[in-house]
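# Fold and geometry: a report
Read off the chains here:
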Amino acid sequence: MSQGTFTRMGETDQPLYGPKALLVCGFTPPEQDAVMKLLAAVRLTDVPIIFAAATDGEEKLADLLRRTDQSGRNADSGLARAIIISGITESELHRTLAAYRQSGLPRPLWATLTPFSENWTLSALITELEQERTAMEQQQG
């Protein structure tokens, strides 16, 4: 895979790239319920939430993010915990991240959909995110 670039995100009402949706991976059914409560608390009730199943690893992100709201809910996936965000505003993203940090839920990998990543498979994105996290943790020592 070729390299993308990072861009600092503001806190505007500018929507992020892609269809409005969140793809939630690797959370147990009770954790999924907690994620849903958190998203309701930050007023993301109009955003479709899609839960990835273990069999979704080779699906492209763009295809997964077009699934119906709540698809895959209440199934254990076995995937790494990750949340892929698409189409919400920068302000909504910052609100969500701040609330998540305070929630006590397990730390997921985070990503926003980009034109570069939308054709990646879920497994490829998770692998890339895990490698980035490892590299950042090693730099921080």
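Residues numbered from 1 in each chain as written. Predicted model: local features only at pLDDT ≥ 70, side-chain atom pairs only at ≥ 80, totals over all residues. Heavy atoms only, no water.

## Considering the pattern of salt bridges
As a working rule, side chains carrying opposite charge can pair if their charged atoms are close by. Scanning all chains against the criterion turns up 6 salt bridges. A salt bridge links aspartate 33 to arginine 73; its shortest N-O distance comes to 2.7 Å. Of this pair, aspartate 33 sits in helix H1 (residues 29-41) while arginine 73 sits in the loop between helix H2 (61-64) and strand S3 (82-86), placing them 40 residues apart in sequence. With a closest N to O distance of 2.6 Å, arginine 66 and aspartate 63 form a salt bridge. We classify aspartate 63 as partly exposed; its relative accessible area is 36%. (Salt bridge = Lys/Arg side-chain N within 4 Å of Asp/Glu carboxyl O. Helix = DSSP H or I, 4+ residues; strand = E, 2+ residues; numbered from the N terminus. Buried < 20%, exposed > 50% of the residue type's maximum accessible area, 1.4 Å probe, protein only.)

## Quick word on the side chain of serine 77
Summarising the element assignment, serine 77 is placed in the loop between H2 and S3. Classification of serine 77 as buried rests on a relative accessible area of 5%. When neighbours within four sequence positions are excluded, serine 77 is seen to be in contact with Cys25, Gly26, Ala52, Ala53 and Ala54. (Contact = heavy atoms within 4.5 Å.)

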